Amino acid sequence: MKSWLIAAACCLPFIDASPARAQAQQQSDISQQIINSPTPETFTVYGLSAKPAVVKDKNVQGGRAIRVPIAGGSDQPWSVGLISAINQPVKKGDKLVVAVWARAEKLPEGATTAKIATIQVGLAKEPYTTVFKGEAEVGTEWKMVHVAGTVDRDYAPGDISVSLHLATAKQVLDIGPILLLDLNK
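Just so you know, these numbers come straight off a predicted model, no measurement behind them.

Draft legend 1. Here's a closer look at the overall build of the chain. Helix and strand content of the chain: 2 helices and 10 strands. For the chain, the sequential pattern of α-helices and β-strands runs α-α-β-β-β-β-β-β-β-β-β-β. Looking at the chain as a whole, 47% of its 185 residues qualify as buried. Of the contacts made within the chain by residues no fewer than 6 positions apart, 78% connect residues no fewer than 24 positions apart. For the chain, the accessible area works out to roughly 9200 Å², and carbon and sulfur atoms hold 50% of it.

Draft legend 2. View of the sheet that holds strand S9 (residues 160-165). Within the open sheet, the 5 strands sit side by side as S1-S4-S9-S6-S7. Their pairing is antiparallel. Here the strands that pair on one side only, and so sit at the sheet edges, are strand S1 (44-46) and strand S7 (130-138). For this sheet, the mean inter-axis angle between neighbouring strands, taken without regard to orientation, is 20°. Two elements, strand S4 (residues 81-85) and S9, share 5 bridges in a ladder whose sense is antiparallel. For Gly-81, the partnering residue across the bridge sits in S9 and is His-165.

Draft legend 3. Up close: the layout of surface pockets. A volume near 240 Å³ is recorded for the largest pocket. Lining the largest pocket we find Tyr-46, Trp-78, Ile-83, Gln-120, Gly-122, Leu-123, Ala-124, Tyr-128, Thr-130, Ser-161, Ser-163 and His-165. Contributing elements (two or more residues each) for the lining of the largest pocket: strand S6 (114-123) and S9. In terms of residue class, the lining of the largest pocket is made up of 6 nonpolar, 6 polar and no charged.

Draft legend 4. Summary view of the environment of Phe-43. You can see Phe-43 is positioned in the loop between helix H2 (20-33) and S1. Residues Phe-43 and Ser-84, spaced 41 residues apart in sequence, show a C-alpha to C-alpha distance of 5.1 Å. Discounting residues that sit within four places of it in the chain, Phe-43 has contacts with Ser-37, Pro-38, Ile-66, Leu-82, Ile-83, Ser-84, Ile-175, Gly-176, Pro-177 and Ile-178.

Draft legend 5. Looking closely at the pairing of strand S5 (residues 95-106). For S5, a buried count of 9 out of 12 residues is recorded, marking the element as mostly surrounded by other parts of the structure. The sheet contact formed by S5 and strand S8 (residues 143-150) spans 8 bridges and is antiparallel. Residue pairing across strands places Val-97 opposite Ala-148, the latter belonging to S8. Pairing of S5 with strand S10 (residues 171-182), which is carried by 9 bridges, proceeds in the antiparallel orientation. Pairing of Ala-102 across the sheet is with Ile-175, part of S10.

Draft legend 6. Inspection of the side chain of Ser-161 at higher detail. Here Ser-161 shows up in strand S9. Each residue touching Ser-161, except ones within four places of it in the same chain, is listed here: Ile-83, Ser-84, Ala-85, Ile-86, Gln-120, Val-121, Gly-122 and Ala-124.

Draft legend 7. Geometry of the side chain of Arg-103. Along the chain, the position of Arg-103 falls in strand S5. Using a relative accessible area of 13% as the deciding quantity, one classes Arg-103 as buried. A polar side-chain atom of Arg-103 sits 3.1 Å from the main-chain carbonyl oxygen of Thr-140. With residues up to four places along the chain from it excluded, the contact list for Arg-103 reads Asp-57, Arg-67, Val-138, Gly-139, Thr-140, Glu-141, Trp-142, Val-172, Leu-173 and Asp-174.

Draft legend 8. Geometry of the sheet that holds strand S2 (residues 54-56). With antiparallel pairing, 5 strands are arranged side by side in an open sheet as S2-S3-S10-S5-S8. The sheet is open, and its two edges are formed by S2 and S8, each paired on a single side. Strand after strand, the sheet turns through a mean of 35° between neighbouring axes, direction not considered.

So, how was this worked out
Residues numbered from 1 in each chain as written. Predicted model: local features only at pLDDT ≥ 70, side-chain atom pairs only at ≥ 80, totals over all residues. Heavy atoms only, no water. Helix = DSSP H or I, 4+ residues; strand = E, 2+ residues; numbered from the N terminus. Buried < 20%, exposed > 50% of the residue type's maximum accessible area, 1.4 Å probe, protein only. Contact = heavy atoms within 4.5 Å. Areas by Shrake-Rupley, 256 points an atom, 1.4 Å probe, with all protein chains shown as cover. Pairing = 2+ DSSP bridges. Axes fitted to C-alpha atoms, helices over the stretch in contact; angles between N-to-C directions. 1 Å grid on protein atoms, 1.4 Å probe; cavity = no way out; pocket = protein on both sides within 12 Å on 5 of 7 lines; lining within 4 Å. Points joined across faces, edges and corners; volume = space filled by probe spheres on them. Nonpolar A, V, L, I, M, F, W, Y, C, P; charged D, E, K, R; others polar. Polar contact = N/O pair within 3.5 Å; in protein donor to acceptor, adjacent residues only side chain to side chain.

Here it is in structure tokens:
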């Protein structure tokens, strides 16, 4: 867990990772701001015929990722996706950051990057309304991508979740830790 916190401290623009003492304080603060279960074993993947494997990879924070083989692109990129549950409440006006470690284990034919159509925070049940979202492209090397937004109203634990929409091409994506940080905690 500490390595994820260090990565978040170094990669997110709102954190100043200067002297060691300040960094230790920031790590403590960041651990209090994580409001989801960041480990790949806790993610729910849907739209596949078989459960994806959790793979070991020393090059990603935490050493593990979930490998998601996508059979092809779709005009409905949400047809294959991944969900990380949010286990704490959030309040209207809270500033959230979703940080995702990702890479393409196998790129689409002829491509140099793979696309994650959506990284979002939204309702965890119908009508699946989006609170905020973004998108990302990743190559074959691990990369932390992030999106940020502000919460539109109060939500109880379990009302909203982090989701990734992955059906953009025939590709294999490795998704490492997903950190959802509430900057108001």
